[in-house]
Amino acid sequence: MAVKMVIEAVREALHEEMKRDDRVIVMGEDVGRDGGVFRVTEGLLREYGEGRVIDSPLAESSIVGVAVGMSLNGLIPVAEIQFADFIYSAVDQIISEAAKMRYRSGGAFSCPMVVRTPYGGGVRGGLYHSQSVEAVFANTPGLKIVAPTTPYDVKGLLKASIRDPDPVLFLEHKRTYRLIRGEVPEEEYVLPIGKADIKRPGKDLTVVSYGLMLHFSLEAAERLSKEGVDVEVVDPRTLVPLDKETILGSVKKTGKALVVYEANRTAGFGAEIAATIAEEAFDYLDGPVTRLASPDVPAMPYNAKLEALFLPNVDRISEAMRKLAGY
Amino acid sequence: MAAKTAQTKVGVSMPLGLKPEALLDWYYKMVLIRTLDERAWALNRMGKVGFVASCRGHEGAQVGSASVMRPGVDFILPYYRDMGVAITIGLTPKEHMLSLLAKVEDVNSRGRQMPGHWGDQSLRIISGSSPVATQVPHAAGIAYASKLRGEDAVTIVYFGDGATSRGDTHEGMNFAGIHKLPVIFLCEFNGLAISVPQEKQMAVQNVAVRAQGYGFPGVTVDGTDVLAVYEATKEAWDRARRGEGPTFIECKVQRMLPHSSDDDDRRYRSPEEMEEMRKRDPLERFRGYLREAGILDEAMESEIRARAKREVDEANDYAERAPDPAPEDLLTHLYAE
C-alpha cells in the first residue's frame, strides 16, 4: 500500500467518483482553474471539463442552494465551501433546505449531495480561517456530518458520502491535509458512514476525539503508556450519525472517559458525546466524564502565542489523562 | 416596459392563437381556485384549518404563467401564495384540501408542512419551505442540470416582491445569468411584504429593471390580466427553449386579503386603498373580457360556478374524513429508508 497525505486522499476520492459516475459534479470558489486554494481539486477541470467542474461566484448561499437544485434534478453535486468560517451565509440552504427536504416532503424529494469544507486551526488562520463549525450543524436532523482525519478514512468516507442518498457535511481538518500521512490501498474501497474506529486499543481510560485533536490524543496516549496508563483512543469518524455502540463499549470496558475537541467548550459536539456517556454508561463510570476543549472565545487569535494557548495540545491532553486516570 | 396586452374587443379573433375552450378552461380554473380559497377561509374561521395564505388577487399571474408550462416536464418552484399555480399544473382540489387539513394523504408533505408549501414529484412541483427566496438558487441548479444533459425542460420559479430583497434572489439570478440557464423568474409583485410597502423595500418603481444587472431581460406586466401574463411567459419560455437564457417577469398584482389568516391588514391599509384594490380583481377582469368577447354567457357562468362548488364540496368531504398521520409517522422519512 502506498503512503499518502490526507489531501491526496480527498483528491483521489473526487477523481474516482467523478470517473465512476458522470452525475457527480464539483462546484465552489476557485475549484476549477486554480485547482482549489489548497489544491484539493487539482486536475479535475482538465479531466472532466467546465460543465462538471464549476468555478462559482463568491457566494456561499448559492453554492449550496444551486447544489440543492442540482441534486433535485439528477446530479450529485459536491459543493466546496472554501473555509468553514465562510459557511454561515449558506446555513439557511443547508439547514432549512438540504437537511429538511426529505422530511418536509414526506419522502418524495431528497438531496443527495455533499458540502465539503476545510475547518479547524493551527495554521495561523486567525479568527476567520480556523473555526470548527460542527456543533452549528449537529443539531440538524436530516443532515449527516462526517469528519475523518486519516488518509484511509478520508478517502473511504468521502466516497461513501458522495454515494449517500442524503446530504452530507464533510469536514476536512485543514491542518491535517499535509501533516497526516497513512497507507491507502490501491484498490477500490468504501467505508460505512456511522462507524467509529478504535485507533488505539487500551484498558485504563477511553479518549474520544476527532480532527487534529485525535492525532494529539494518540501522541498523548503514547506518552501515558510510558507512565503505565493504557489509553484507548476512539475516533467517531462520523459525528452524525454517531456510533454510540463503539464509544459506550469502550467506556464500559475502561470506566473512564475523556472527550477532546478543538471547538469552543460550551455546547460543542464533545458535550453531546459526554452527555451520551454520562447517561448511558453511568453504571460503569469510575471518574467524571471529562471534556477538554478550546476556551469560549470567538476563535483562535492570529498571534502565534495566543493561537497555541487556544488549542488543546499534547501536554494538556496528557495532563487531563493523568488526572482522570488518578480516580 | 409593459408587454402587449391582448385584444379585448368583441369580434376580434382569439388572442395569442388560443381557442375559446382554452380560455374557458382557464376561467374554470380561476373560479375553482377562488372557490377553494373561500372554502379555506371558511374552514379557518371554523377552526378546522390552522393557516391560510391567500392567492386572491394573484390568480391572473398564476394561471396565466403556469398555463405555459408542461406538467411533468417543466420544473415548477412555487412559493406559499401559489395555490393557483399548483392547481393549474395539476394538483387536484382533493390534494389541496388534504394539505389544508394536514392529513397523511397530503401529497405535498404528509401533513408535515403548513398549507401552501407545495411539492409533487410527478408534476415536477418542487417542495418549498417558509423562508422566502431559498427556492431561487434551487431553480438555477435544476435548470443547470437540465442544460448539462441537453434536455429541453424549462424551470419557472415564483416569489413575491418581499423575496426580491433577499440575497438568495440575487445569487440565484446571477448564477442563472452567467450560465444562460433555461429559467423564468416570476415575481408576483403586490407591493407589500406583509405590511412593509414597496417604497420601504426598494428604491425602484419596477423591480424587473434588476434583470439588466444579471444580463437578461426583465419585463413588467399587468398581473391582473391573465392573457398578458400568458403572453409574456410564453415569450420567456420560448427564449429559454431556444437556449437564450433566463427572463425576469414582474407581474403587478393586488393582494386582496391580509398576508395570512393570522394577519389584520386594517392596521396598515386604509379603507380607500382596499376599495381601489378590489377593482383590480383578475377574476372579474377576465370574466368581463370573456363576456364581452362572447365566449361566456350567463348559463355557462352558473354552470361553471356550480361545477367548481361541487368539486370543492367533494374534496372537502373527502379530506375531512381522511385519516391523520399515525403517531409513528413523526419519525419516518428523515433519511433514506
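Thresholds, definitions, all that
- Residues numbered from 1 in each chain as written.
- Chains lettered and ligands numbered in written order.
- Predicted model: local features only at pLDDT ≥ 70, side-chain atom pairs only at ≥ 80, totals over all residues.
- Helix = DSSP H or I, 4+ residues; strand = E, 2+ residues; numbered from the N terminus.
- Rg over C-alpha atoms; globule rule 2.2 N^0.38 Å.
- Buried ≥ 20, exposed ≤ 12 C-beta atoms within 10 Å, placed from the backbone.
- Domains from an automatic or database assignment.
- Contact = placed C-beta atoms within 7 Å.
- Nonpolar A, V, L, I, M, F, W, Y, C, P; charged D, E, K, R; others polar.
- Pairing = 2+ DSSP bridges.
- Axes fitted to C-alpha atoms, helices over the stretch in contact; angles between N-to-C directions.
- Right-handed = clockwise from strand over helix to strand, strands pointing away.
- Expected span 1.5 Å × (residues − 1).
- Arc of directions from axis to C-beta.
- Core = buried A, V, L, I, M, F, W, Y, C linked by C-beta atoms within 7 Å.

Trainee: What is the right way to look at the overall build of chain B in this model?
Mentor: The number of helices and strands found in chain B is 11 helices and 7 strands. Its C-alpha atoms give chain B a radius of gyration of 19 Å, within 12% of the compact-globule value 20 Å for 337 residues. Once the C-alpha set of chain B is aligned to its principal axes, its extents read approximately 55 × 50 × 40 Å. Counting every position in chain B, which comprises 337 residues, the buried fraction comes to 52%.

Trainee: Would you mind showing me how to read the domain arrangement of chain A here?
Mentor: In many analyses, interface size is given as the accessible surface area lost on bringing the parts together. All names here are of chain A. Examined at the domain level, chain A breaks down into domain 1 (2-184) and domain 2 (197-325). Look at where the C-alpha atoms of domain 1 and domain 2 centre, and you get two points 26 Å apart. Counting residues at the interface gives 25 residues for domain 1, matched by 25 residues for domain 2. Elements supplying a minimum of two residues to the side of domain 1 that touches domain 2: α6 (134-138), β6 (144-146) and α7 (151-163). Among the residues making up the side of domain 1 that touches domain 2, the classes are represented as 10 nonpolar, 10 polar and 5 charged.

Trainee: Just checking my understanding: could you explain the sheet that holds strand β12 (residues 238-240) of chain A for this structure?
Mentor: Each strand in a sheet pairs with its neighbour through backbone hydrogen bonds, running either in the same direction (parallel) or in the opposite one (antiparallel). Residues and elements named next belong to chain A. One open sheet holds the 7 strands; their spatial order is β3-β2-β4-β5-β7-β6-β12, and the pairing between them is mixed. Only two strands of the sheet have a single partner each, and these edge strands are β3 (53-55) and β12. Across the sheet, the mean angle from the axis of one strand to that of its neighbour is 20°, orientation sign disregarded. In this sheet, β3 lies alongside strand β2 (residues 24-28) in parallel orientation, the contact comprising 3 bridges.

Trainee: What exactly am I supposed to notice about the pairing of strand β6 (residues 218-222) of chain B here?
Mentor: Looking along a regular strand, one sees side chains alternate from face to face of the sheet. Among the 5 residues that make up β6(B), 5 are buried, leaving the element largely enclosed by the rest of the structure. Assessed by its sense of winding, the connection that carries the chain from β6(B) through helix α8 (residues 226-241) of chain B to strand β7 (residues 247-252) of chain B is right-handed.

Trainee: Where do I start with helix α10 (residues 269-280) of chain A in this structure?
Mentor: Residues spaced three or four apart along an α-helix face the same direction, because each turn holds 3.6 residues. Residue and element names in this part refer to chain A. With 12 residues, α10 extends 17 Å between its outermost C-alpha atoms, agreeing within 8% with the 16 Å of an ideal straight helix rising 1.5 Å per residue. Residues of α10 that are buried include every one of Phe 269, Gly 270, Ile 273, Ala 274 and Ile 277, and no others. Relative to the axis of α10, the buried residues are bounded by an arc of 150° and lie together on one face. Of the exposed residues in α10, the ones pointing more than 90 degrees away from its buried face are Ala 275 and Glu 279. Along its buried surface, α10 packs onto α6, β10 (205-209), β12, α9 (244-254), β13 (257-264) and β14 (290-294).

Trainee: Honestly, the pairing of strand β7 (residues 168-173) of chain A in this entry has me stumped. Any pointers?
Mentor: Residues and elements named next belong to chain A. Of all the 6 residues making up β7, 6 are buried; the element is thus mostly covered by neighbouring parts of the structure. Burial along β7 is two-sided: the residues Val 168, Phe 170 and Glu 172 and Leu 169, Leu 171 and His 173 are all buried. Pairing of strand β5 (residues 114-119) with β7 involves 6 bridges; the strand directions are parallel. In the strand pairing of β7, Arg 116 is matched with Phe 170. Taken together, the 3 bridges between β6 and β7 define a ladder with parallel strand orientation. Note on β7: the bridge partner recorded for Lys 144 is Val 168. Chirality of the crossover, the property in question, places the unit of β6, α7 and β7 among those that are right-handed.

Trainee: Could you clarify how one ought to interpret the sheet that holds strand β2 (residues 155-160) of chain B in this entry?
Mentor: All names here are of chain B. Within the open sheet, the 5 strands sit side by side as β1-β2-β3-β7-β6. Their pairing is parallel. Each edge of the open sheet carries a strand with a single partner, namely β1 (75-77) and β6. Adjacent strand axes in the sheet meet at a mean angle of 20°, parallel and antiparallel pairs treated alike. As defined by bridge partners, strand β3 (residues 183-189) adjoins β7 across 6 bridges and the pair is classed as parallel. Across the sheet, the residue bridging to Leu 186 is Ile 249, located in β7. Sheet strands touched by α8: β3, β6 and β7. Its angle to β7, the strand with the most contacts, is close to 170°.

Trainee: Just checking my understanding: could you explain the interface of chain A and chain B for this structure?
Mentor: Listed as interface residues are 34 residues of chain A and, on the opposing side, 31 residues of chain B. Every element with two or more residues in the side of chain A that touches chain B is listed here: α3 (60-72), α4 (91-98) and α5 (101-104) of chain A. Top element by residues in the side of chain A that touches chain B is α3(A). It accounts for 9 residues. Its residues assigned to classes, the side of chain A that touches chain B shows 14 nonpolar, 14 polar and 6 charged.

Trainee: Can you help me understand the nonpolar core in this one?
Mentor: For soluble globular proteins, the rule of thumb is that nonpolar side chains tend to be buried together. If you look at the biggest cluster of nonpolar residues, it comprises 195 residues, and the most contacted ones within it are Leu258(A), Met321(A), Val157(B), Val183(B) and Ile184(B). At 10 residues, the largest contribution of residues to this core is made by helix α1 (residues 20-45) of chain B. Not counting the four nearest positions on each side in its chain, Val183(B) is found in contact with Ala139(B), Ala140(B), Ala143(B), Thr155(B), Val157(B), Ala176(B), Ala240(B) and Pro246(B).

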